[in-house]
Amino acid sequence: MLNLFARESVSRVTDPIGAWLVRRGLTPNAVTVVGTVGTCVAALWFFPRGQLFVGTMVVTLCTFFDLIDGAMARAVGGGTRFGAVLDASCDRIADGAVFAAIVWWAFAVEGDQVAAAAGLVCLVAAQVISYVKARAEATGLSADGGLVERAERLIIALVGTGLQGLGVPNAAGVALWLLAVLAVITVVQRLVAVHRSAR
Ligand SMILES: CCCCCCCC/C=C\CCCCCCCC(=O)OC[C@H](COP(=O)(O)O[C@@H]1[C@H](O)[C@H](OP(=O)(O)O)[C@@H](O)[C@H](O)[C@H]1O)OC(=O)CCCCCCC/C=C\CCCCCCCC
Ligand SMILES: Nc1ccn([C@@H]2O[C@H](COP(=O)(O)O)[C@@H](O)[C@H]2O)c(=O)n1
Ligand SMILES: [Mg+2]
Ligand SMILES: [Mg+2]
């Protein structure tokens, strides 16, 4: 949804930043890798220590690199095929680290097995949502869209951890269960889209 409706407005902010970074000599691939490493290190450092609010802020900042790398690619004339694969692969690594760190927090710090279970569903469903699209595209089919694409998934999870970090009880658990349900629905939506596209 955000991919459809927010991308243009976000690009108005990110495109000038991307063009400026390119002029400074940075490459899209470097920004993709730095953002991914930053996201992984921040999530795996802060969340398992129970530092949810600061962790949410740093992870959020690092995920913005993913909006900038595409803007830089556009500034250099559309990017490369390797860059597109690197970007999508790094997204999967970052998503894995974010949800693994939240599951770790829920299980080891909170002792909340119900939230940890929801986090595991989110972890697997997030990977499958993207895999269905990638596999469909590799076969010449399409499977775009769905209720929770990557931006929505990150926003729901990070609002949950951010609010929990501010002291709102069960915010992360509620966000994880909501996201788990929406993510499973999205897997089904993408499979239906592939089926339609195959016909
Ligand atoms: C009181 C509590 C406080 C809590 C505060 C925290 C709240 C958290 C709030 C926001 C966090 C937002 C993080 C969102 C980051 C979004 C990054 C992102 O993933 O963008 C997605 C997309 C770019 O996608 P890519 O092409 O790089 O990746 C594709 C994606 O991985 C697909 O995955 P799938 O959906 O299939 O699972 C793959 O299939 C595909 O292969 C792959 O290419 O960009 C967009 O969708 C554009 C719209 C994003 C809208 C984000 C809204 C963020 C809100 C504000 C942005 C303001 C911009 C300012 C930028 C400043 C930069 C310095
Ligand atoms: N290192 C990179 C990163 C991205 N690209 C290109 O940008 C597209 C993604 O743009 P977003 O605005 O959605 O982030 C991606 O599909 C590539 O075409 C790149 O070339 N190198
Ligand atoms: Mg990107
Ligand atoms: Mg990306």
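Up top is the structure these notes are about.
Read on for an overview of the structure. The structure presented is a predicted model; accordingly, all values stated were derived computationally and were not measured.

1. Re the overall build of the chain
No. 1: From N to C terminus, the chain includes nine helices and zero strands.
No. 2: The order of α-helices and β-strands along the chain, N terminus first, is α-α-α-α-α-α-α-α-α.
No. 3: The C-alpha atoms of the chain give a radius of gyration of 17 Å, which matches the 16 Å a tight globule of 199 residues would have.
No. 4: Once the C-alpha set of the chain is aligned to its principal axes, its extents read approximately 50 × 45 × 25 Å.
No. 5: Out of the 199 residues in the chain, the part that is buried amounts to 41%.

2. Comments concerning the nonpolar core
No. 1: Grouped together as the largest cluster of nonpolar side chains are 32 residues, with contacts concentrated most on Phe47, Val59, Phe99, Ile102, Leu176 and Leu179.
No. 2: Elements with a minimum of two residues in this core: helix H3 (28–46), helix H4 (52–63), helix H6 (81–109), helix H7 (113–138), helix H8 (150–165) and helix H9 (171–198).
No. 3: Excluding residues within four positions of it along the chain, Val59 makes contact with Thr39, Ala42, Ala43, Phe47, Val98 and Leu158.

3. Describing the coordination of the magnesium ion (ligand 3)
No. 1: Asp66 (O), Asp66 (OD), Asp69 (OD) and Asp87 (OD) make up the full set of protein donors to the magnesium ion (ligand 3), lying at 2.3 to 2.7 Å.
No. 2: Given six donor atoms and angles of 70 to 175° at the metal, the environment of the magnesium ion (ligand 3) is assigned as irregular.
No. 3: Taken as an interatomic distance, the gap from the magnesium ion (ligand 3) to the magnesium ion (ligand 4) is 3.2 Å; Asp66 donates to each of them. Taken as a pair, Asp66 in helix H5 (residues 65–75) and Asp87 in helix H6 lie far apart in primary sequence, 21 residues in all.

4. So, the site of ligand 2
No. 1: Within the structure, ligand 2 sits among 15 residues, and Arg7, Asn29, Thr32, Gly79 and Thr80 are positioned closest to it.
No. 2: The separation between an oxygen atom of ligand 2 and a polar side-chain atom of Arg7 is 2.9 Å.
No. 3: Between Pro28 and ligand 2, the recorded distance is 3.5 Å, taken from a backbone N or O atom to a nitrogen atom.
No. 4: Relative to its unbound accessible surface of 470 Å², ligand 2 loses 77% to contact with the protein.
No. 5: According to the grid-proximity analysis, the pocket containing ligand 2 is the largest pocket.
No. 6: Within the residue set of the shell around ligand 2, elements represented by two or more residues are H3, H5 and H6.

Calculation rules
- Residues numbered from 1 in each chain as written.
- Chains lettered and ligands numbered in written order.
- Predicted model: local features only at pLDDT ≥ 70, side-chain atom pairs only at ≥ 80, totals over all residues.
- Heavy atoms only, no water.
- Helix = DSSP H or I, 4+ residues; strand = E, 2+ residues; numbered from the N terminus.
- Rg over C-alpha atoms; globule rule 2.2 N^0.38 Å.
- Buried < 20%, exposed > 50% of the residue type's maximum accessible area, 1.4 Å probe, protein only.
- Core = buried A, V, L, I, M, F, W, Y, C linked by side-chain atoms within 4.5 Å.
- Contact = heavy atoms within 4.5 Å.
- Donors = N, O, S within 2.8 Å, 3.2 Å for Na, K, Ca; no water.
- Tetrahedral: all angles 85-135°; square planar, octahedral: opposite > 155°, others 65-115°.
- Near = heavy atom within 4 Å.
- Polar contact = N/O pair within 3.5 Å; in protein donor to acceptor, adjacent residues only side chain to side chain.
- Areas by Shrake-Rupley, 256 points an atom, 1.4 Å probe, with all protein chains shown as cover.
- 1 Å grid on protein atoms, 1.4 Å probe; cavity = no way out; pocket = protein on both sides within 12 Å on 5 of 7 lines; lining within 4 Å.
- Sits in = over half its atoms within 2 Å of the grid points.

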